[in-house]
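Secondary and tertiary structure notes
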Amino acid sequence: MSLQKQFGNKIKELRKAYSYSQEEFAEKLGIHRNSLVKIENGQGFASAETIENIHNFLNISYNELFNFSEKVEKNSLKAIILKLRDLSDDDIEYFNIILSSYIKLKNKQSK
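Quick summary incoming for the structure in this document. Keep in mind it's a predicted model, so treat the numbers as computed, not measured. (Residues numbered from 1 in each chain as written. Predicted model: local features only at pLDDT ≥ 70, side-chain atom pairs only at ≥ 80, totals over all residues. Heavy atoms only, no water.)

1. Re the environment of Glu 93
- Here Glu 93 is to be found in helix α7 (residues 89-109).
- Taking the C-alpha atoms as reference, Glu 93 lies 25 Å from Glu 27; in sequence the two are 66 residues apart. (Helix = DSSP H or I, 4+ residues; strand = E, 2+ residues; numbered from the N terminus.)

Put into structure tokens, the structure is as follows:
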């Protein structure tokens, strides 16, 4: 399999592991959705700038980005943290209240 195809598969795995749609992920990377589709399908290759944006946005090493032998594991906690970065302080406070309420309810149900 070509480098281009392997890289595309890796980007697709990463995007799905962090629960992003193609449109959301492309927006975060500063590219058009069609460009992301081409990258994921191995029909195009990411520019150096896009590779750097992936590295920075997901906060992963370049080694991890180009390690094609390891499958990407779903990381729900990191996915939530990435999405929280886009929220305002008020939104985060509201999210925290909801989360606290959920935890209290869950603890009551388990007793």
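From this point on, the discussion continues.
2. Re unusual backbone geometry
- For Ser 19, which is not a glycine, the phi torsion comes out positive at approximately 55 degrees.
- As for its placement among the helices and strands, Ser 19 is situated in the loop between α1 (3-17) and α2 (22-29).
- Judged by relative accessible area, which is 36%, Ser 19 ranks as partly exposed.
- Phi at Asn 59 takes a positive value of approximately 55 degrees, unusual for a residue other than glycine.
- The class for Asn 59 is exposed, based on a relative accessible area of 62%. (Buried < 20%, exposed > 50% of the residue type's maximum accessible area, 1.4 Å probe, protein only.)

3. A look at the packing of α1 against helix α3 (residues 33-40)
- At their nearest, the axes of α1 and α3 sit 7 Å apart, and the two run at 120 degrees to each other. Relative to α3, the element α1 is oriented oblique. Residues Gln 4, Phe 7, Gly 8, Asn 9, Ile 11, Lys 12 and Arg 15 of α1 touch α3, and the partners they reach there are Leu 36, Ile 39 and Glu 40. (Axes fitted to C-alpha atoms, helices over the stretch in contact; angles between N-to-C directions. Parallel < 35°, antiparallel > 145°, perpendicular 65-115°, else oblique. Contact = heavy atoms within 4.5 Å.)

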